[in-house]
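Below, each chain spelled out in residue letters.
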Amino acid sequence: MSRLVLVAALFVPLVIRAQDRPSFDVQEASIAQIQSELATKRMTCRAVVEQFLRRIDAYDKNGPAINAIVEINSKALNEADDLDRRMQATGPVGPLHCVPMIVKDNFETIRLQNAAGSLAMKGFVSSKDAFLVRRIKEAGAIVLAKSNMAEWAFSPYETVSSILPGYTRNPYALDRVTAGSSGGTAAAVAASFGAAGLGTDTGNSIRGPSSHQALVGIRSTMGLTSRAGVVPLSLLADIAGPMARTVEDAVAIFQVIVGEDPDDPVTLRAEYIQPDLRPSGHPSVVPNYRAALVRDGLKGARVGVLRQAYERDTTDPEIVQVFTTAIEDLKRAGATIVDPAPVDLANVRRAQNAATCRGFKYDLNRYLAGLGNAPVHSLDEVIRSRRFHPSVQLRLERAQENADNNGPESSACKAEADYLDHFRAAVLTTMDGQKLDAFIYPTWSNPPRLIGDLNTPHGDNSQVFSPTTGFPAINVPMGYTRGERLPAGLTIFGRPWDESTLIRLAYSYEQATHHRRPPAATPAVR
């Protein structure tokens, strides 16, 4: 019997014992709604967790078989009971008190497996939490389950791995992909298996799955959130962040996870700190991102349409129509649209014949070597284990061919840094010249593909601007295609360390349009 089946079996009595369905239903419930139920004593934390567990039992491996969950936290109910006791004694433990969360399978989490989707890492359980996991726990959240992911975070298109048989399905259309690599978190949050989740994004993997599942996903400025304790894909671009059903919920989590971490030196840059708020002797003060939740936040905003991010011969006409409607909605909410707002990249090029800076092999080898008790200790050992999905073999082997000495001080990394600086400057030149608060574009130019289809156009628009610059981008639901069946997302992309502006625009757009709706495949559990 698999570990997942064994753990899931522990929760069967919950369904049997629950004779009456409570008046409060966790499906689509926001963090504020959950905490209101707790504060007024209409629900206990245990009852909230039980409801989410029943949803996982009903819909993840049964019914529509979303197949998003790798492992359930067998101690979740014990943790809920402890939170109930602490609530009774002293009140909420923090801003995420009793928020059941889904965490991607590449975050180290005490007592739960961390495999990055690969059988080569099966059985590895860390003795410490990743920085972001520790932060949400300290704020009162419960890690309810670990979610499936594209193995080693390679694929932005689909969520399939060797650690969990089969594909993760899009709950809006069970024959469609979730995008990757955080597709398990996205599908689970969309299906209300948890209140919200954590994902990672190197080129697409928070924003793409959020687009495909009508979620809000935040890819922050490089250096704003720590990657410590997360299996790397490329530390030049890796970001970890929240995925949620509303902007408000994503911001509640974001507020908790932002901050400096000595174990991830990129976070020790302090550009995001407000100098007038830095008290003597205190290392940093994080801005109050909740203050950006302003309903009329689009009034007076200048927003540029970044056509070069999404226009191509294969862009789907229905995506164009949904995006056109989004532009009109932004105008009605008070924004001035600058269309087009091109970024001049004509003279921005990587050096010819430059070697790879860092790369998967470099970063993974150093991560694995630091674990000590992992089943494998290098990329070479991963390959020799033969314990991986066939779809990743070629990429693993190609990565192994790269040098392992192109670190931050190498000529390859210096050349890459020069290219990135010029790219950033080009983006800011357009923003300054046009006095833009942000750019917008469709997160994907095509609807979610059918599962197994790797031939038709994918439409991923997320690989270039935010990952290359390190500037922030937020996905927010934009509407639906194919008979109002398949979700589509809007990317709002902006200046570094200016998440507050992007949150203000995203929240105002969300409140003006309310595109989010629950998937029909995972209704309330009766």
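Worth saying up front: this structure is predicted, and the values here are computed from it rather than measured. (Residues numbered from 1 in each chain as written. Predicted model: local features only at pLDDT ≥ 70, side-chain atom pairs only at ≥ 80, totals over all residues. Heavy atoms only, no water.)

Q: What should I look at first to understand the overall build of the protein in this one?
A: The helix and strand inventory of the protein stands at 16 helices and 11 strands. Against the compact-globule benchmark of 24 Å for 526 residues, the protein has a radius of gyration of 22 Å, which places it among compact chains. If one aligns the C-alpha atoms of the protein with their principal axes, the spans along those axes are about 65 × 55 × 55 Å. Here the protein holds 526 residues, and 60% of them are scored as buried. A separation of at least 24 residues holds for 76% of the contacts in the protein among residues at least 6 apart in sequence. Entry remark: accessible area of the protein is about 20,200 Å², with carbon and sulfur atoms responsible for 51%. If the 57 positive side-chain charges of the protein are averaged to one point and the 56 negative ones to another, these points end up 3 Å apart. (Helix = DSSP H or I, 4+ residues; strand = E, 2+ residues; numbered from the N terminus. Rg over C-alpha atoms; globule rule 2.2 N^0.38 Å. Buried < 20%, exposed > 50% of the residue type's maximum accessible area, 1.4 Å probe, protein only. Contact = heavy atoms within 4.5 Å. Areas by Shrake-Rupley, 256 points an atom, 1.4 Å probe, with all protein chains shown as cover. Lys, Arg positive; Asp, Glu negative; His and termini not counted. Charge placed at Lys NZ, Arg CZ, Asp CG, Glu CD.)

Q: For this particular structure, what's the right way to read the packing of helix 4 (residues 45-59) against helix 5 (residues 76-90)?
A: Two measures define how a pair of helices packs: the angle their axes make with one another and the distance between the axes. Between helix 4 and helix 5, the shortest axis-to-axis distance is 8 Å and the interhelical angle comes to 155°. With respect to helix 5, the axis of helix 4 lies roughly antiparallel. The crossing of helix 4 and helix 5 is right-handed. Residues Cys45, Arg46, Val49, Glu50 and Leu53 of helix 4 lie in contact with helix 5, whose contacting residues are Ala76, Leu77, Ala80, Asp81, Leu83 and Asp84. Of the residues in the contact of helix 4 with helix 5, the class split is seven nonpolar, no polar and four charged. (Axes fitted to C-alpha atoms, helices over the stretch in contact; angles between N-to-C directions. Parallel < 35°, antiparallel > 145°, perpendicular 65-115°, else oblique. Left-handed = near helix turned anticlockwise from the far one by under 90°. Nonpolar A, V, L, I, M, F, W, Y, C, P; charged D, E, K, R; others polar.)

Q: Explain the packing of aromatic side chains to me, please; I cannot follow it from the model alone.
A: The description of an aromatic ring pair rests on the distance of the ring centres and on the angle between the ring planes. In total, this model carries 11 aromatic pairs according to the counting rule given. Taking 6.3 Å as the distance between ring centres and 50° as the angle between the ring planes, the aromatic pair formed by tyrosine 172 and tyrosine 480 counts as tilted. Residue tyrosine 172 is found in the loop between strand 3 (142-147) and helix 7 (183-190), and its partner tyrosine 480 is found in strand 10 (residues 473-481); the two are separated by 308 residues along the sequence. Here the two residues tyrosine 172 and tyrosine 480 agree in accessibility, since each one is buried. On the basis of an interplanar angle of 70° and a centroid distance of 6.0 Å, the ring pair of tyrosine 419 and phenylalanine 423 is categorised as edge-to-face. Of the two residues, tyrosine 419 and phenylalanine 423 both sit in helix 14 (residues 411-434), four residues apart, roughly one turn of that helix. (Phe/Tyr/Trp six-rings, centres within 6.5 Å; stacked < 30°, edge-to-face > 60°.)

Q: Can you walk me through helix 6 (residues 131-138) in this structure?
A: An α-helix turns once per 3.6 residues; consequently, residues spaced three or four apart project the same way. The complete set of buried residues in helix 6 reads Phe131, Leu132, Val133 and Ile136. Buried residues belonging to helix 6 abut strand 2 (100-104), strand 3, strand 4 (196-201), strand 6 (239-244) and helix 9 (247-257). Directly after helix 6, the chain includes glycine 140, whose backbone phi takes a positive value near 105°.

Q: Looking at this structure, how should I read the nonpolar core?
A: General note: in soluble globular proteins, nonpolar side chains tend to be found buried as a group. By size, the foremost hydrophobic cluster in this structure holds 115 residues, and its most contacted members are Leu96 and Ile136. Dropping the residues within four chain positions of it, leucine 96 is found in contact with Ile31, Gln35, Ile136, Ala139, Gly140, Ala141, Ala252, Ile253 and Val256. Counting 28 residues, the second-largest nonpolar core is a separate cluster that includes Phe154, Leu233, Val376 and Val382. (Core = buried A, V, L, I, M, F, W, Y, C linked by side-chain atoms within 4.5 Å.)

Q: Honestly, the packing of helix 6 against helix 9 in this entry has me stumped. Any pointers?
A: Running from amino to carboxyl end, helix 6 crosses helix 9 at an angle of 110°, the nearest separation of the two axes being 9 Å. Taken together, the axis directions place helix 6 and helix 9 in an arrangement best described as roughly perpendicular. Here helix 6 and helix 9 pass one another in a crossing that is right-handed. Contacts between helix 6 and helix 9 pair Phe131, Leu132, Arg135 and Ile136 from the former with Ile253, Val256 and Ile257 from the latter. When its residues are assigned to classes, the contact of helix 6 with helix 9 shows six nonpolar, no polar and one charged.

Q: Looking at this structure, how should I read the pairing of strand 7 (residues 302-305)?
A: Within a regular strand, side chains alternate between the sheet's two faces. Note: strand 7 against strand 8 (residues 336-338), three bridges, orientation parallel. From the neighbouring strand, arginine 302 faces strand 8, where its bridge partner is threonine 336. The β-α-β motif built from strand 7, the intervening helix 10 (residues 317-332) and the parallel element strand 8 has right-handed crossover chirality. As judged from the three bridges shared by strand 7 and strand 9 (residues 438-442), these two strands associate in the parallel manner. Residue valine 303 lies in a different strand from strand 9, and its bridge partner there is alanine 438. (Pairing = 2+ DSSP bridges. Right-handed = clockwise from strand over helix to strand, strands pointing away.)

Q: How should the sheet that holds strand 11 (residues 486-493) be read in this particular structure?
A: The 11 strands are arranged 1-3-2-4-6-5-10-11-9-7-8 in an open sheet whose pairing can be described as mixed. The open sheet has two edge strands, strand 1 (69-72) and strand 8, and neither has a second partner. Adjacent strand axes in the sheet meet at a mean angle of 30°, parallel and antiparallel pairs treated alike. Where helix 9 meets the sheet, it contacts strand 2, strand 4, strand 5 (216-219), strand 6 and strand 10, and its direction lies at approximately 145° from that of strand 6.

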